[in-house]
Structures are given as C-alpha cells and as structure tokens.
Amino acid sequence: MAGHTSSEILEIVARNQILNELDRHELGELCALGQVERYAKGGIIFDKGDPGDRLYAVLSGQVGINSISADGKELILNIMDPSEIFGEVAVLDGGERTAGAVAMQVTELLRIRRSEFLSFLERHPKLAIRLLFVLCDRLRRATDIIEDTVFLDIPRRLAKRLLSLMERHGEPCVEGIRITIKLSQEDLGHMLGATRESVNKGIRALQRFGAISYDGGHLIVRNVEQLEDLIDQ
C-alpha cells in the first residue's frame, strides 16, 4: 500500500470526524475496500465534470478543491488535509464532479470505488447520516464564498479567509497563531477570486498594521481583533 501500512491507514482514517463514528472493525472493513494512489505536486486527481466514481481520503499531503473558468481563472474552494474525505457529492448522487481536485504537494490518497462505498453505506446506515453533516458543511462554505465575493471587498475577504485558515490550520507560536500550511500569494488569490497583485497589496497593508507577519513562508496571525474589526467595517 505505497508508503503506508494497513495499520497506518486505519489510524489516519480514524481521525476523520465522520468516519470515527465507526468501530475499529468497521473502519478496517472500509479501508480494505480502498487502493492507495500517489500524486506529485500539481497532479490532477479529477476535473470538474468528470464521473463521480471514487471517494477519496487524504493519507498525506494536501488537496485543493477548485473550480476553473473557461478563460483559465482558478478559484480554490477548499483545502483537504490528512484524514479528510472528498468527492462524496458525486459519489452519492452519481452525477458529474461539481469541482476539480489537485494535489497541492506530494500527496497519497485512499481511493474507494463508488459501488463498493454505496454497498458499505447500506450495511452501515449510521455513516450515511453522518455524511449529511458533511454535505451541509460543504453547502454552508459554498454559500459563504458566494456572499463574500458579492458583498466584501478584497481586504475584508482576505482578512476573513486568514481567520478561517487560522481556525482550521493554526497552531500557537511566540508571535501569535501560525498557519501551518504554506500558501503563496497566488494561492490566496485563487481562494479569493482575486489577482496576485491585489492580494499582495492587502498582505502588505495587514503587515504594516501588525495584524500578520511571515515566518519561513508561513503566515502568522498576530492580532485577531484587527482582522475581525476589518471584516466588520
């Protein structure tokens, strides 16, 4: 199984807030259905419109869920970390992929065929109920992105996204809260639907105010209140 043993895969998947509802035997049964795939940085996992024939769990690395316009503009909708699952919408309804997925760094995934996953859900209906929470969360995030794009200017969208990244990927450090994933200004632009230049301008302004700083390529939120105040303006 590539770089992970069966027991390691089980431990990673067990950290998922949805799948941890299963007992160890059930988790083992689910993991046994999957195959491990490895992707280089930038590797395309699937594109928007592709058949939804697989469910994925991140074992290592990071996956960006994106949407690309006809003229090549990219919007990053979400970032998936180890133990998180994705691709569930198309797997459940059998439709096309509603977004694309790309490896943001060297990444290993556990891939489970749709037919086998649906059979597993029939045997374990409590997991199907838990998946409803995942779908609701995805819908809420999509609604937030739409509202932010319409109602907030770029500085406020940037501040809100930094706070969201801090909540999901933050760890305390001497200067404040360090966002553990490395994101370029181009990456942030893709998250906000903004140009790299406008993101650069917003980052510099927040640095001047002392709200954020950089350390080794990682963003550090130094003053949460300043970011919250900016959003409320």
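Up top you'll find the structure we're talking about.
Residues numbered from 1 in each chain as written. Predicted model: local features only at pLDDT ≥ 70, side-chain atom pairs only at ≥ 80, totals over all residues. Heavy atoms only, no water.

1. Side note on the pairing of strand 12 (residues 218-221)
And then number 1: Neither face of strand 12 is open: one carries His218 and Ile220, the other Leu219 and Val221, and all of them are buried.
And then number 2: Pairing of strand 10 (residues 177-179) with strand 12, which is carried by two bridges, proceeds in the antiparallel orientation. Bridged to Ile177 within strand 12 is Val221.
And then number 3: Taken together, the four bridges between strand 11 (residues 212-215) and strand 12 define a ladder with antiparallel strand orientation. Counterpart to Asp215 in the pairing with strand 12 is His218.
And then number 4: The antiparallel pairing of strand 11 with strand 12 creates a hairpin that spans two residues between the two strands, and Gly216 there sits at a positive phi of about 60 degrees. (Buried < 20%, exposed > 50% of the residue type's maximum accessible area, 1.4 Å probe, protein only. Helix = DSSP H or I, 4+ residues; strand = E, 2+ residues; numbered from the N terminus. Pairing = 2+ DSSP bridges.)

2. Some points on helix 4 (residues 114-123)
And then number 1: For helix 4, the complete set of buried residues consists of Phe117, Phe120 and Leu121. Buried residues in helix 4, looked at end-on, bunch into an arc of 100 degrees, giving them a common side. With respect to the buried face of helix 4, the exposed residues turned more than 90 degrees away are Ser115 and Glu122.
And then number 2: Residues of helix 4 that are buried sit in contact with helix 2 (24-32), strand 3 (54-60), helix 3 (88-93), strand 8 (107-113) and helix 5 (125-151). (Arc of directions from axis to C-beta. Contact = heavy atoms within 4.5 Å.)

3. Focus on the sheet that holds strand 11
And then number 1: Reading across from one edge, 9-10-12-11 is the order of the four strands in this open sheet, with antiparallel pairing throughout. The sheet is open, and its two edges are formed by strand 9 (170-172) and strand 11, each paired on a single side. Strand-to-strand twist in this sheet, taken as the mean axis angle between neighbours without regard to direction, amounts to 30 degrees.
And then number 2: Sitting on the sheet, helix 6 (residues 154-169) is in contact with strand 9, strand 10, strand 11 and strand 12, with an inclination near 90 degrees to strand 10. (Axes fitted to C-alpha atoms, helices over the stretch in contact; angles between N-to-C directions.)

4. Description of the layout of surface pockets
And then number 1: A volume near 540 Å³ is recorded for the largest pocket.
And then number 2: What lines the largest pocket is a set of 20 residues, and nearest its centre among them are Leu77, Val89, Thr98, Ala99 and Arg138.
And then number 3: Elements supplying a minimum of two residues to the lining of the largest pocket: strand 5 (74-80), helix 3 and helix 5.
And then number 4: If one sorts the elements of the lining of the largest pocket by residue count, helix 5 sits on top with seven residues. (1 Å grid on protein atoms, 1.4 Å probe; cavity = no way out; pocket = protein on both sides within 12 Å on 5 of 7 lines; lining within 4 Å. Points joined across faces, edges and corners; volume = space filled by probe spheres on them.)

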